[in-house]
Amino acid sequence: MTGFLLATREHLTQLQMHRHGSRGPAGTREVDLINSLVQTLRDGRDALQDAYLPENLRFLQTGKGYESHLDPENLTIIGRQQLFDHGVEFGMKYPNFTTETLLSSTTQRVIDSMYFFAQGRFGREVEDKNLLTVADMPDPVSWITPWTSCSGIDWHYASKVGKEWSDSYLPNITERLNDLLPYGVSLTDDNTHGALYACAYDLAAGHESPWCDVFYADELADFEYEMDLIMVASVGYLAPNDAGRILGSVFVKELINRFSNTSEVQSLYLEFGHDATIAAAMAAMDLNRDEPPLSSEELRQHRRFRTSYQTPFAAQMIWESFTCKESFDGPQIRLVLNDETYPLRTCAETKQDRRFGTCSLDAFTRANQFSTDIEFGDDTWQAACGAHSEVLYVQG
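Residues numbered from 1 in each chain as written. Predicted model: local features only at pLDDT ≥ 70, side-chain atom pairs only at ≥ 80, totals over all residues. Heavy atoms only, no water.

Q: Looking at this structure, I do not really get empty space enclosed by the protein. What am I missing?
A: Taken as a whole, this structure holds one cavity of 30 Å³ or more when the rule is applied. The calculated volume of the largest cavity comes to roughly 40 Å³. In terms of lining, the largest cavity is formed by Leu 41, Arg 42, Arg 45, Leu 48, Leu 60, Lys 64, Gly 65 and Tyr 66. Contributions of two or more residues to the lining of the largest cavity are made by α2 (27–43) and α3 (45–49). Its residues placed into classes, the lining of the largest cavity shows four nonpolar, one polar and three charged. (1 Å grid on protein atoms, 1.4 Å probe; cavity = no way out; pocket = protein on both sides within 12 Å on 5 of 7 lines; lining within 4 Å. Points joined across faces, edges and corners; volume = space filled by probe spheres on them. Helix = DSSP H or I, 4+ residues; strand = E, 2+ residues; numbered from the N terminus. Nonpolar A, V, L, I, M, F, W, Y, C, P; charged D, E, K, R; others polar.)

Q: Help me understand unusual backbone geometry, please; the structure alone is not making it clear to me.
A: A negative phi angle characterises most non-glycine residues, just as the trans form characterises most peptide bonds. With an omega of -5°, the peptide bond running from Glu 291 to Pro 292 counts as cis. Tracing the backbone shows Pro 292 in the loop between α10 (275–284) and α11 (307–310). Unusually for a residue other than glycine, Ala 314 sits at a positive phi of about 65°. Within the fold, Ala 314 resides in the loop between α11 and β5 (316–323). Residues other than glycine seldom take positive phi values, yet Asp 339 does so here, at roughly 75°. You can see Asp 339 is positioned in the loop between β6 (332–337) and β7 (340–341). For Asp 339, a relative accessible area of 61% corresponds to the exposed category. (Buried < 20%, exposed > 50% of the residue type's maximum accessible area, 1.4 Å probe, protein only.)

Q: How do you make sense of the environment of Ile 78 when you look at a structure like this?
A: With respect to the secondary-structure elements, Ile 78 resides in helix α4 (residues 77–93). Distance in space between the C-alpha atoms of Ile 78 and Pro 331 is 38 Å, their sequence separation being 253 residues. Discounting residues that sit within four places of it in the chain, Ile 78 has contacts with Ser 22, Ala 204, Ala 205 and Gly 206. (Contact = heavy atoms within 4.5 Å.)

Q: Just checking my understanding: could you explain the state of the cysteines for this structure?
A: Put plainly, two cysteines are in a disulfide when a covalent bond ties their sulfur atoms together. Under the criterion given, the structure shown has three disulfides. Each sulfur of the disulfide joining Cys 150 and Cys 385 lies 2.0 Å from the other. Around the S-S axis, the bridge from Cys 150 to Cys 385 shows a dihedral of about -95° and counts as left-handed. Of this pair, Cys 150 sits in the loop between β3 (130–133) and α6 (156–180) while Cys 385 sits in helix α15 (residues 379–385), and the two are 235 residues apart along the sequence. Accessibility classification places Cys 150 together with Cys 385 in one group, the buried group. (Disulfide = S-S within 2.5 Å.)

Q: I'm lost on the side chain of Glu 271 in this one. Help?
A: In this structure, Glu 271 sits in strand β4 (residues 268–273). Those residues in contact with Glu 271 that sit more than four places away from it in its chain are Leu 15, Gln 16, Met 17, His 18, Leu 103, Trp 143, Ile 144 and Arg 258.

Q: Quick question: what am I supposed to make of the pattern of salt bridges here?
A: Think of it this way: side chains of opposite charge can pair up when their charged atoms draw near. This model, assessed by the stated rule, comprises 19 salt bridges. A salt bridge links Glu 219 to Arg 176; the shortest N-O distance between them is 2.9 Å. Of this pair, Glu 219 sits in helix α8 (residues 217–235) while Arg 176 is found in helix α6, placing the two residues 43 residues apart along the sequence. Summarising the burial analysis for this pair, Glu 219 and Arg 176 share the class buried. Glu 254 is paired through a salt bridge with Arg 258; the nearest N and O atoms lie 3.0 Å apart. Taken together, the positions of Glu 254 and Arg 258, both in helix α9 (residues 243–260) and four residues apart, correspond to about one turn of that helix. The same class applies to Glu 254 as to Arg 258, namely buried. Through salt bridges with shared partners, a single network forms among Glu 224, Asp 228, Arg 303 and Arg 306. (Salt bridge = Lys/Arg side-chain N within 4 Å of Asp/Glu carboxyl O.)

Q: Teacher, can you tell me more about the packing of α6 against α8 here?
A: Geometry of a packed helix pair, given as the angle between the helix axes and the separation of the axes. Between α6 and α8, the shortest axis-to-axis distance is 7 Å and the interhelical angle comes to 170°. In terms of orientation, α6 and α8 fall into the roughly antiparallel class. Counting all contacts with α6, which are made through Tyr 157, Ala 158, Val 161, Gly 162, Trp 165, Ser 166, Tyr 169, Ile 173 and Arg 176, the residues of α8 involved are Glu 219, Asp 222, Phe 223, Tyr 225, Glu 226, Leu 229, Ile 230, Ala 233 and Ser 234. Residues of the contact of α6 with α8, tallied by class, amount to 11 nonpolar, three polar and four charged. (Axes fitted to C-alpha atoms, helices over the stretch in contact; angles between N-to-C directions. Parallel < 35°, antiparallel > 145°, perpendicular 65-115°, else oblique.)

The following block contains the structure:
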C-alpha cells in the first residue's frame with residue numbers, strides 16, 4: 001500500500017485479531033517428546049563425555065549437557081514483550097484511535113497477551129478499559145474460538161496427516177545423528193522430533209537453542225512443512241467435511257457485519273486469539289489455498305499456506321474498512337497481515353484493487369458467499385460439527 005493511499009484514507013474502521021505471543025510447548029505430546037530426548041541424553045551421559053563429537057554437538061558435553069526448563073502452555077518473556085511492543089507500536093501509529101473494550105479467548109496465555117498489549121498501548125489507562133473474554137459474550141458461537149461449538153470436528157485427522165509426513169523424514173535425520181554419536185547413545189525418531197521442538201521452543205523462550213545448529217536447512221524445512229500440514233488439516237483446506245472453512249465462516253460473517261453496519265459507532269476492535277483463529281478465517285476466504293492441495297506425500301516448497309509467515313507467535317491480522325475518494329468509489333477492505341498488505345485476490349475487480357491489494361466492501365461480501373450462507377447449527381454446520389461427541393482442545 002502506498003503512502004498516498006494511506007495518507008488519504010477517511011472513515012477508518014479497524015478489526016485487529018492478534019495471536020498470543022511466544023509460548024512454551026503445548027500439550028503433553030510436545031512436552032513428552034522433549035522430556036524423552038533429555039532422558040535419553042542423561043542415560044548416555046558417560047558415553048558422551050568420552051566421545052569425539054562435531055562442534056555443533058559438543059554442547060552435549062558441557063555442564064549437565066542439554067537440559068530443558070521450558071514452561072508448558074504459558075507465555076514466555078519474549079511472548080510478553082511481543083504483545084507489549086505491538087501495543088506501543090499501535091499507539092504511536094494511531095495515537096487517537098482507541099476503544100474501551102478488548103476481547104480474548106478464555107485461554108490464559110491469550111488473556112495475558114491481551115493484557116500486555118493493553119499495557120503497551122494504554123499504560124495506566126488500562127485500568128479503565130474492559131478486558132473481556134468470549135465467556136462474557138452472549139453470542140451462541142465465538143468468532144475467536146468457533147471450535148468450542150463444534151463438538152464433532154475430527155482433530156485426529158490432522159495428527160494422522162502430520163505423522164505420515166514425519167514418518168517419512170525423521171528416520172533419515174535420526175540415522176545421520178546417530179552416526180555422529182558414540183556407542184551407548186541411540187536416538188529414536190521421537191528423540192529427533194523432540195530436538196526439533198526443542199529448537200523451536202528454546203527460541204520462543206528467548207534463548208539461543210543449540211539444537212537449531214544441529215539440523216540442516218532442508219531438515220528444518222521438513223519440520224516446518226509438518227507444522228503446515230497439521231494446521232491445514234485441522235482448520236484449513238484439508239480438514240474433513242470442510243470443517244476448518246466452516247469454522248472460519250463465523251469470523252468472516254462477523255467481519256462483514258461490522259463493516260456493513262453504518263450505524264455502528266465503534267471504529268476499533270482489539271481482539272486476541274489463536275493461530276487457528278487466523279488460519280480458519282483465511283481458509284474460509286480462500287486467501288491461501290494451494291492447488292493442488294498440500295499432501296503428506298511430498299514437500300511443496302512454493303506453497304501459499306505457510307504458518308511461519310501467516311500465523312507465527314504474535315501474528316497480527318488487521319482488517320480495515322475505509323473510504324478514499326481520490327482512489328475509490330465507496331468503502332474498501334484491506335488486510336494487513338503481519339505488517340504487510342495481503343492482496344485480496346478473491347475479490348479484486350478493478351485495476352486499483354489489484355494495485356493496492358484491496359477490494360470494495362460489496363465485492364468482498366459477494367466473494368465470501370460461502371461464509372454468509374452458513375448459519376450456526378444449519379445442515380452445513382452440522383455436517384462438519386455434529387458427527388462425534390468428543391471435543392479436543394485446540395492448542396494454538
